[in-house]
Amino acid sequence: MRIVVTGGTGKGGRWVVRDLREHGHEVIDADLVPDGAPNYEFIQTDLTDLGQVHDVVAGADAIVHFAAIPAPGLRPEGDTFRINTISTWNVFHAASSAGVDRVVWASSETVLGLPFDRPPDFAPIDESITPRPDSSYALSKLVGETLAAQVSRRTAIPFVGLRISNIMEPADYARFPSWQGDARIRKWNLWGYVDARDVATAARLAVEGSTTGAEVCIVAAADTAMRRDSADLMAEVFPTVPLRRTLAGRETLLAIGHAAELLGYRPAHSWLDAPEAAG
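What this report covers is the structure whose coordinates are included nearby.

**Thoughts on the overall build of the chain**
Assigned secondary structure in the chain consists of 7 helices and 9 strands. Computed over the C-alpha atoms, the radius of gyration of the chain is 18 Å, within 12% of the 19 Å expected from 2.2 N^0.38 for a compact globule of 279 residues. With the C-alpha coordinates aligned to their principal axes, the bounding extent of the chain is approximately 50 × 40 × 35 Å. Within the chain, the proportion of its 279 residues that are buried is 52%. For the chain, restricting intrachain contacts to residue pairs at least 6 apart in sequence, the fraction spanning at least 24 positions comes to 75%. When the accessible surface of the chain is split by element, carbon and sulfur atoms take 52% of a total near 11500 Å². If the 26 positive side-chain charges of the chain are averaged to one point and the 36 negative ones to another, these points end up 3 Å apart.

Written out as C-alpha cells, the structure is:
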C-alpha cells in the first residue's frame, strides 16, 4: 500500500515508518522535520493547514496518524489542545475526501484517567472503563476518538485508534532499574510502558487488518516496568481499587486483550530482556 505516516519523525512514528517499509509498503513521512534516514520519501507538512494535508494525503491507500504534541506539559495547554485537535480533524477530513481505505491513529493511555491522582475504577484497566481525561492533551485525544467515530459513521472508512502506553526505545531501558525501589514513581500509569517496536507492529497490524467502524484498543507491553508482581504493586499503592480477576505475576495492568483479539497484537519485547536494563 501507499501509506502516509504523519509524525513519522517522532519517537513512535519513526519505528512505524521503518516497520511498514520493511514489510513492503510505500511510505511517505509527513512531518515538520525529516528523520534523516536514507532513501525514504519525506514531505514537510504543517498538519494544522488543511490545504497541505489534502495535498499530502492525495493518492494514499491508508493513513497512519501519529503527529501530535506528544505529551502534557510540553506546550501551554491551549496550544496542545488546539494543535492536536485541529491536525487530527484535518487528517480525518482529508482521509474522507481522498477516500482512503483505512486510518490508524495514535490515541493515548491518558484518556484512561492518568495520572490516577484519583484511583482507577478497577484494574486491569480495559476499554470498558469510562474515559477521564485530566489534561488538555488527554482531552485532545478523546476528541480525536469522537471525530474518528463520526467520520467512520459518515464514510464507512475503518478507523483504529491505538491507546498507546508510554513508548520506550531500547536505550530507555537503562532507566528502569532506578525505579525499582519506589513503587510510587511509576504509579501514574499503573507502571505501564510499551516498546516502540511493538507500537510499530500494532500500527502495521491495524493498517493491514480488516476491522470495520471506529475501534479503540490499548497498546502496551505484556508486563509492567517493575520487577515486583502486579498484585503486590496494587496492594501497596492502590489498595482500594477492585481487581477484576486474579493477576498473574508481572502482567500488565493496562489490559491488551482487545488489541490481541482485534488485531492479533502480541508484544514481543520486555524491558527485562534488554541488555540496557542489566544495571
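Here the narrative resumes, following the displayed structure.
**Some thoughts on the nonpolar core**
Counting 63 residues, the largest nonpolar core has Val64, Phe66, Leu162, Ile164, Trp191 and Met234 as its most contacted members. Examining the composition of this core, we find that 7 residues originate from one element, helix α5 (residues 196-207), more than from any other. If sequence neighbours within four positions are ignored, Trp191 has contacts with Ala183, Arg186, Thr224, Ala225, Met226, Leu233, Met234, Val237, Phe238 and Leu253. Residues Ala30, Val56, Val57 and Leu147 belong to the second largest nonpolar core, which totals 22 residues.

**Digging into helix α1 (residues 13-22)**
An α-helical turn contains 3.6 residues, so any two residues separated by three or four positions project in the same direction. Taken together, the buried positions of α1 are Gly13, Trp15, Val16, Val17, Asp19 and Leu20. Positive phi shows up at Gly24, right after α1, with a value of about 95°.

Criteria and thresholds
Residues numbered from 1 in each chain as written. Predicted model: local features only at pLDDT ≥ 70, side-chain atom pairs only at ≥ 80, totals over all residues. Heavy atoms only, no water. Helix = DSSP H or I, 4+ residues; strand = E, 2+ residues; numbered from the N terminus. Rg over C-alpha atoms; globule rule 2.2 N^0.38 Å. Buried < 20%, exposed > 50% of the residue type's maximum accessible area, 1.4 Å probe, protein only. Contact = heavy atoms within 4.5 Å. Areas by Shrake-Rupley, 256 points an atom, 1.4 Å probe, with all protein chains shown as cover. Lys, Arg positive; Asp, Glu negative; His and termini not counted. Charge placed at Lys NZ, Arg CZ, Asp CG, Glu CD. Core = buried A, V, L, I, M, F, W, Y, C linked by side-chain atoms within 4.5 Å.

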